[in-house]
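# Coordinate analysis (summary)
Residues per chain, in single letters:
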Amino acid sequence: KANYFNDGYYIEKNADLNLVAWKTGQLMFENKQLGDVAITLSRYYNTNIEVDSAAATILFTGSFNHAGIGDAMRILETSTGVEVSKQQNGYNMSAR
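These notes cover the structure that comes with them. (Residues numbered from 1 in each chain as written. Predicted model: local features only at pLDDT ≥ 70, side-chain atom pairs only at ≥ 80, totals over all residues. Heavy atoms only, no water.)

### Some details on the packing of helix α2 (residues 34-45) against helix α4 (residues 69-80)
In the contact formed by α2 and α4, the axes pass within 11 Å of each other and the chain directions differ by 170 degrees. Relative to α4, the element α2 is oriented roughly antiparallel. Two secondary-structure elements touch here, α2 through Leu-34, Val-37, Leu-41 and Tyr-45 and α4 through Ile-69, Ala-72, Met-73, Leu-76 and Thr-80. (Axes fitted to C-alpha atoms, helices over the stretch in contact; angles between N-to-C directions. Helix = DSSP H or I, 4+ residues; strand = E, 2+ residues; numbered from the N terminus. Parallel < 35°, antiparallel > 145°, perpendicular 65-115°, else oblique. Contact = heavy atoms within 4.5 Å.)

This is the structure in structure tokens:
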């Protein structure tokens, strides 16, 4: 992103690692709370993901490379210890 001011242009870097995930097929997370991870996954996969308050603050670092939503949820369950359940309208994640 470039911004112009009276004294010139300034380039602003975007801190969102997943800005072009739609193009690359790769989602990356570095020490992100599961609540934030769920928001990104919900947008990317166009599905509802609900996270209880205890699970929402658990940190996750990892990436998904062309993974389906089911694979991504299994990885989160295995790596963070949360319980993931498939619901009719999406997924629920809860602390064990």
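Alright, that's what it looks like, and here's the rest.
### A closer look at α4
Across its twelve residues, α4 extends 16 Å between first and last C-alpha, which sits within 8% of the 16 Å expected from 1.5 Å per residue. Inspection of α4 places Ala-72, Met-73, Leu-76 and Thr-80 among the buried residues, and these make up the whole buried set. Here the buried residues of α4 occupy an arc of 95 degrees about the axis, which is enough to place them on one side. Packing partners of the buried residues in α4 comprise α2, β4 (48-51), β5 (59-65), β6 (83-87) and β7 (90-94). Gly-81, located one to two residues past α4, shows a positive phi value of around 80 degrees. (Expected span 1.5 Å × (residues − 1). Buried < 20%, exposed > 50% of the residue type's maximum accessible area, 1.4 Å probe, protein only. Arc of directions from axis to C-beta.)

### With respect to the environment of Glu-30
As for its position among the elements, Glu-30 is in strand β3 (residues 26-33). Between the alpha carbons of Glu-30 and Phe-60 there is a distance of 6.7 Å; along the sequence they are 30 residues apart.

### What to know about the environment of Ala-38
Residue placement: Ala-38 occurs in helix α2. A C-alpha to C-alpha distance of 8.7 Å links Ala-38 and Asn-48, two positions ten residues apart in sequence. Sequence-distant contacts of Ala-38, defined by excluding residues within four places in its chain, comprise Ile-49 and Val-51.

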